[in-house]
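Next come the chains, spelled out residue by residue.
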Amino acid sequence: MSDQSIDSSSDFEVTIRKEISDILDNQIKINAHHQKLTEAMRFLMEAVNILKEEVQDGDQRSIKKGE
């Protein structure tokens, strides 16, 4: 095997490792973002359920007007 062939193989391996590392980093960021969105959606659904219960119970909220 020639030195040039070894260098090319080594460069290719480094490039592949970097690409895989970049992909994994992006997947970790996407996963964290997805978790935040899921949590936000859960909070919104809780708020909607609370408002539905209040409407069903006939409760009325006073609306504060901006001063």
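Values in this document were obtained by computation on a predicted structure and should not be read as measured data.

S.K.: Give me a nonpolar patch on the surface: which residues, what numbers.
M.R.: A surface patch of nonpolar side chains, amounting to about 400 Å² of accessible area, comprises Phe12, Ile16, Ile20 and Leu24. Here Phe12 lies in helix α1 (residues 3-57). Accessibility expressed as a relative area gives 57% for Phe12, which makes it exposed.

S.K.: Residues and numbers for the packing of aromatic side chains, please.
M.R.: In this structure the tally under the stated criterion is zero aromatic pairs. Arg42 extends its terminal NZ or CZ atom over the ring of Phe43, reaching a point 4.7 Å from the ring centre.

S.K.: Could you give an account of the pattern of salt bridges, with specific residues and numbers?
M.R.: In total, this model carries three salt bridges according to the counting rule given. Between Arg17 and Glu13 there is a salt bridge, with the nearest N and O atoms lying 3.0 Å from each other. Here the residue Arg17 and the residue Glu13 both occupy positions in helix α1, the gap between them amounting to four residues, near one helical turn. Take Glu13: its relative accessible area is 41%, and that puts it in the partly exposed class. Residue Asp22 pairs with Lys18 through a salt bridge whose shortest N-O separation is 3.1 Å. Placement of the pair is Asp22 and Lys18 together in helix α1, with a separation of four residues, close to one helical turn.

So, how was this worked out
- Residues numbered from 1 in each chain as written.
- Predicted model: local features only at pLDDT ≥ 70, side-chain atom pairs only at ≥ 80, totals over all residues.
- Heavy atoms only, no water.
- Patch = residues over 30% accessible without salt bridge, like charges linked within 9 Å, V, L, I, M, F, W, Y side chains within 5 Å.
- Areas by Shrake-Rupley, 256 points an atom, 1.4 Å probe, with all protein chains shown as cover.
- Salt bridge = Lys/Arg side-chain N within 4 Å of Asp/Glu carboxyl O.
- Helix = DSSP H or I, 4+ residues; strand = E, 2+ residues; numbered from the N terminus.
- Buried < 20%, exposed > 50% of the residue type's maximum accessible area, 1.4 Å probe, protein only.
- Phe/Tyr/Trp six-rings, centres within 6.5 Å; stacked < 30°, edge-to-face > 60°.
- Lys NZ or Arg CZ within 6 Å of the ring centre and 35° of its normal.

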